[in-house]
Amino acid sequence: RMKRSMDAANIRAEQIIDDELWNYYSGSNPVVYQRTGTLGNTGIVTAVQGSGDVYEFTAGIDESISYSTGTYSGAQVIDVTNKGKAGTIGNHGYWERIQEELQEEIDSVFSQQFGN
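Parameters at a glance
Along every chain, residues carry numbers that run from 1 in the direction the sequence is written. Totals for whole chains, interfaces and linings use all residues, but because this is a predicted model, local features are given only for residues with pLDDT of at least 70 and pairs of side-chain atoms are given and counted only at 80 or more. The basis for the side-chain values is all heavy atoms of the structure; hydrogens and waters are excluded. Secondary structure elements follow DSSP: runs of H or I no shorter than four residues count as helices, runs of E no shorter than two count as strands, and numbering proceeds from the N terminus. Here the expected span of a helix is defined as 1.5 Å times the quantity of residues minus one. Think of it in three bands: residues with accessible area under 20% of the maximum for their type are buried, residues over 50% are exposed, and the middle band is partly exposed, with areas taken using a 1.4 Å probe on protein chains only. To be clear, the arc concerns the directions from the helix axis to the C-beta atoms. Only heavy atoms matter for contacts: two residues are in contact if any of them lie within 4.5 Å across the pair. Only the six-membered ring of Trp is used, alongside the rings of Phe and Tyr, when aromatic pairs are assigned; centres must lie within 6.5 Å, and planes under 30 degrees apart are stacked while those over 60 apart are edge-to-face, with the rest tilted.

(A) Summary view of helix H3 (residues 94–114). The terminal C-alpha atoms of H3, which comprises 21 residues, lie 30 Å apart, in line with the 30 Å expected from a rise of 1.5 Å per residue. Turning to H3, its buried residues are Tyr94, Ile98, Leu102 and Val109. Along H3, the residues classed as buried sweep out an arc of 70° about the axis, all on the same side. Turning to H3, the residues buried within the fold contact helix H1 (2–23), strand S4 (59–61) and helix H2 (74–83). Gly115 sits one or two residues past H3 and shows a positive phi near 75°.

Take a look at the structure:
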């Protein structure tokens, strides 16, 4: 049951991260800079590994990305787009939403498998 729960959480983690990152682009388009779509592809979700009662996977955002437009590093782009700084236009606050949605999904999956 633990492996099934982690596999289900893993699949949902990838969906949640991808949805939130691509949703950043919804709304208006910037005038000062050209969007490359790179942010939408920065989600990282590793495969579930482990055995018995101990399983794990990692979910996050790849800060090592690079951009050919502008002077910001990948980590800087992620920081300013998430926080709504440096004149960025998009659906800010995605990292906080990702964390909240992941926790809700993990709680739901484990509740279904192991009860309350």
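Don't stop here, the text continues.
(B) Inspection of unusual backbone geometry at higher detail. The backbone of Ala86 sits at a positive phi, close to 60°, despite the residue not being glycine. On the accessibility criterion, Ala86 (54% relative accessible area) is exposed.

(C) Spotlight on the packing of aromatic side chains. For the coordinates displayed, the defined rule picks out four aromatic pairs. When the centroid spacing of 5.6 Å and the interplanar angle of 45° are considered together, the rings of Trp22 and Tyr25 count as tilted. The class of Trp22 is partly exposed, set by a relative accessible area of 42%.

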